[in-house]
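Here are the chains, one letter per residue:
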Amino acid sequence: MIAIEKMPAASIEPIMSALLSIGYTDVAFRQLGVTRDRSPSSYGANWIDHLAWGVDSVYAAARLLFCGQFMGATAILRSQFERWAENAAYNTGITHRIGEPAASYYGRAWAKCHEDYPFARRVIGNPDATAAPAWDEETEQHSPDGPSVNIGLDREVNPVELMESMSEFLHGRGPWSKLAHWDAGQLFGAEPPSILRDASESLAGVITLILRQVRLCLATAADEQGRMDLPAKILSRSFERAYAGPVSPKFWSLVPLLPKAGLRPEVVAGLEDAARAHTEVMLRRRPAGRLYRDDEFAHLHFYERRARAVKWALKAFRMEKEKIGHLDFEYLESRDFRYMIASEMAGILAVWLEGSPVGDAAASCSSALRSAYWLWLEDDDRALAALRIVLEQSARMRTWTEKPEKAEKLSASPSTTPKDWVKAAGWNRLRALTKALGEFSHGHANVRFEGARGILEKIQSGDVDPDYSIHMARGHALDALTILLLAESVNTASRVSALIGDAFLDIVDDVVIGRDHLATRREELLNRALTQRDTPLGDYSFHGPADALRADCNYLPGSDDSDGSVSQ
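A few points on the structure. (Residues numbered from 1 in each chain as written. Predicted model: local features only at pLDDT ≥ 70, side-chain atom pairs only at ≥ 80, totals over all residues. Heavy atoms only, no water.)

1. Some thoughts on the overall build of the protein
Counting secondary structure elements, the protein contains 21 helices and 2 strands. Buried residues in the protein amount to 60% of all 568 residues. Restricting the contact set of the protein to residue pairs at least 6 apart, pairs at least 24 apart contribute 76%. (Helix = DSSP H or I, 4+ residues; strand = E, 2+ residues; numbered from the N terminus. Buried < 20%, exposed > 50% of the residue type's maximum accessible area, 1.4 Å probe, protein only. Contact = heavy atoms within 4.5 Å.)

Take a look at the structure:
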């Protein structure tokens, strides 16, 4: 945590500069009726709030990036990249060809939609485009380089390359895996990997594309509401990667929302002050008595999001107190310690086994579990996307440890799926859990959050109060995957040294769970998940457009054929 305050400029400056492309967006949101006290993690009940969720999600990812948690940040950004690429595809008539890698499809969509930004011809897409595969059916994909997209005044990005880099990283492969080692194993104490600048620049490009697509949608919404003064201000590209400096937001705004950290009274007060200043700026006032510099402006937008996150966390605590009559903050702090132990154990393994597939898997687990916990504290479903990484990489770690020949074959085959790793680990009974977590790992049109949440609720132990079970499903998944990771860390450590394995087991027995219960709890999870293996996921979560003649974004300067669409 101390090292977070000293993150290198190479990891901060590109992200800060990309955030500046928010530009006039927050002003436009307010003028178009956004829900101002919305939860930053909610994908919204209407189109304007849904667009605001896209921007809030970028800031949620940026917060993790400022803390060096590239794994968790990439999980958020990839889902947003998918969501807004499909928006671009629909509006330009790009369809997903049968057998086409997802990266190639998204690359064509981004390039077509932005080939003459901010001018675009709206074309109705095909609502029957080929559905994207479920996460556990994804194979290793390699697409041609694909077209580039110009951003800002003098830059270009390659969407295909961006998509493939993110996906490879989330599956524990590729050059970015060194970032997980830097986080999990070296705790930012060593010289940062050479890939740091390239990865940060790439993710800054992802942020820029996402914010640009949201601005296109927002400009259309303004046009449809007769606000002809807004689109030109919203779509300015002069701030797309304008320099915003290498200084990240204040450390106290980044820490996890625990009573003794991000929820301390002085932190809450500081964020509330910043949120009030943000409101003043949106009303064209000067709360500082002067104009803000670009870096200060970028920070102000960030603090406003963190202030809302804190507000909703405190609201959740109040609701819990109303239900059970008291708040057990000590229990929450003890849970924090359990997750920390599990993450640190995997991180130590990543140090000892660096350069091996087992080491890469351990580093991925360590980094992803930390992000999952931080996001869980904010009632953010993206915690489950991070837990999906923990599940797949724990299975990969176990397969390499127990069945190295099988692991070698899976690793060498381009048709290997994440589901294959889970099965090879001997956890085929976790089919329902893998399916449910996978739904939260993506942002394409075919996600089914409600059905996945129902599965997570049902695989909890039978002693959970049914009145509260749906509210405890995320926490149960976090605890279950923590136990799974602890068991694999002990198992892998034992292969390094029997003495070290025993030491790991002693620690687990002392601070987390009795050694006799470690295997028992895993077996119980496997059996409960097995009972839900054929449970359907139900309807898609995102609905729209309302009919085949509607399009949901892209500002058309001078157009008079706007259709008032609110497609999601």
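2. Points about the pattern of salt bridges
The full count for this structure, using the stated rule, is 39 salt bridges. Arg 370 is paired through a salt bridge with Asp 183; the nearest N and O atoms lie 2.8 Å apart. In this pair, Arg 370 is assigned in helix α13 (residues 357–376) and Asp 183 in helix α7 (residues 177–184), connecting sequence segments 187 residues apart. Exposure class is identical for Arg 370 and Asp 183. Each is buried. Residues Asp 506 and Arg 515 are paired through a salt bridge, measuring 2.3 Å at the closest nitrogen-oxygen approach. Accessibility expressed as a relative area gives 35% for Arg 515, which makes it partly exposed. Each member of the salt-bridge network shares a partner with another, and the members are Asp 26, Arg 38, Asp 56, Glu 304, Arg 305 and Arg 308. (Salt bridge = Lys/Arg side-chain N within 4 Å of Asp/Glu carboxyl O.)

3. Looking at a nonpolar patch on the surface
Taken together, the side chains of Ile 348, Val 351, Trp 352 and Val 496 present a nonpolar region at the surface, about 330 Å² in accessible area. If one sorts the elements of the nonpolar patch by residue count, helix α12 (residues 329–352) sits on top with 3 residues. Position of Ile 348 among the secondary structure elements: in helix α12. Residue classification places Ile 348 among the partly exposed residues on the basis of a relative accessible area of 35%. (Patch = residues over 30% accessible without salt bridge, like charges linked within 9 Å, V, L, I, M, F, W, Y side chains within 5 Å. Areas by Shrake-Rupley, 256 points an atom, 1.4 Å probe, with all protein chains shown as cover.)

4. Describing α13
Between the first and last C-alpha of α13 there are 28 Å, a value that for 20 residues agrees with the 28 Å anticipated at 1.5 Å per step. Of all 20 residues making up α13, 19 are buried, and the element is well covered by its neighbours. (Expected span 1.5 Å × (residues − 1).)

5. Looking at unusual backbone geometry
Despite not being glycine, Arg 284 has its phi angle at roughly 70°, a positive value. Here Arg 284 lies in the loop between α10 (265–282) and α11 (294–324). Arg 284 sits in the exposed class, given a relative accessible area of 62%. One non-glycine residue, Asp 379, adopts positive backbone phi at about 55°. Relative to the elements of secondary structure, Asp 379 occurs in the loop between α13 and α14 (382–402). Judged by relative accessible area, which is 39%, Asp 379 ranks as partly exposed.

6. Some remarks on the nonpolar core
Of all hydrophobic cores here, the largest spans 188 residues; its most connected members are Leu 387 and Leu 456. The element best represented in this core is helix α8 (residues 196–224), accounting for 16 residues. (Core = buried A, V, L, I, M, F, W, Y, C linked by side-chain atoms within 4.5 Å.)

7. A look at the side chain of Arg 63
Mapped onto the fold, Arg 63 is located in helix α3 (residues 47–66). We classify Arg 63 as buried; its relative accessible area is 1%. For Arg 63, the side chain forms a polar contact with the main-chain oxygen of Leu 254, separated by 2.9 Å. For Arg 63, the side chain forms a polar contact with the main-chain oxygen of Val 255, separated by 3.1 Å. Not counting residues up to four positions away in its chain, the partners in contact with Arg 63 are Leu 254, Val 255, Pro 256, Phe 302, Arg 306, Trp 374 and Glu 378. (Polar contact = N/O pair within 3.5 Å; in protein donor to acceptor, adjacent residues only side chain to side chain.)

8. Thoughts on the packing of α14 against helix α17 (residues 431–439)
The interhelical angle for the contact between α14 and α17, taken along N-to-C directions, is 140°, at an axis separation of 8 Å. Taken together, α14 and α17 sit at an angle that is classed as oblique. In this structure, the crossing between α14 and α17 has a hand that is left-handed. Between α14, through Leu 384, Leu 387, Arg 388 and Leu 391, and α17, the contact on the second element is made entirely by Leu 433, Thr 434, Leu 437 and Gly 438. A class-by-class count of the residues in the contact of α14 with α17 yields 5 nonpolar, 2 polar and 1 charged. (Axes fitted to C-alpha atoms, helices over the stretch in contact; angles between N-to-C directions. Parallel < 35°, antiparallel > 145°, perpendicular 65-115°, else oblique. Left-handed = near helix turned anticlockwise from the far one by under 90°. Nonpolar A, V, L, I, M, F, W, Y, C, P; charged D, E, K, R; others polar.)

9. Thoughts on the packing of helix α5 (residues 102–113) against helix α6 (residues 159–170)
Taken N-terminus to C-terminus, the directions of α5 and α6 make an angle of 145°; their axes are 8 Å apart at the nearest point. Once α5 is placed against α6, the crossing between them reads as right-handed. Taking contact as the criterion, the partners of Ala 103, Ser 104, Tyr 106, Gly 107 and Trp 110 in α5 are, on α6, Pro 159, Val 160, Met 163 and Glu 164. Here the residues of the contact of α5 with α6 sort into 6 nonpolar, 2 polar and 1 charged.

10. Let's talk about the packing of aromatic side chains
Taken as a whole, this structure holds 16 aromatic pairs when the rule is applied. Ring geometry for Tyr 59 against Phe 302: centres 6.4 Å apart, planes inclined by 45°, an arrangement best described as tilted. Of this pair, Tyr 59 sits in helix α3 while Phe 302 sits in helix α11, and the two are 243 residues apart along the sequence. When the centroid spacing of 5.2 Å and the interplanar angle of 5° are considered together, the rings of Phe 440 and Phe 449 count as stacked. Of the aromatic side chains, those joined through ring pairs into one cluster are Tyr 59, Phe 66, Trp 252, Phe 302 and Tyr 303. Its end group placed over the ring of Tyr 117, Arg 212 keeps NZ or CZ at 3.9 Å from the ring centre. (Phe/Tyr/Trp six-rings, centres within 6.5 Å; stacked < 30°, edge-to-face > 60°. Lys NZ or Arg CZ within 6 Å of the ring centre and 35° of its normal.)

11. What about the environment of Ala 199?
Within the secondary structure, Ala 199 is located in helix α8. Residue class for Ala 199 comes out buried when judged on its relative accessible area of 0%. Measuring from C-alpha to C-alpha, the distance between Ala 199 and Leu 162 comes to 9.4 Å, with 37 residues separating the pair along the chain. The contact partners of Ala 199, leaving out residues within four places of it in the chain, are Trp 176 and Leu 179.

12. What about helix α1 (residues 9–19)?
Taking burial as the measure, the 11 residues of α1 include 10 buried ones, the bulk of the element. Looking at α1, one finds that the buried residues are Ala 10, Ser 11, Ile 12, Glu 13, Pro 14, Ile 15, Met 16, Ser 17, Ala 18 and Leu 19.

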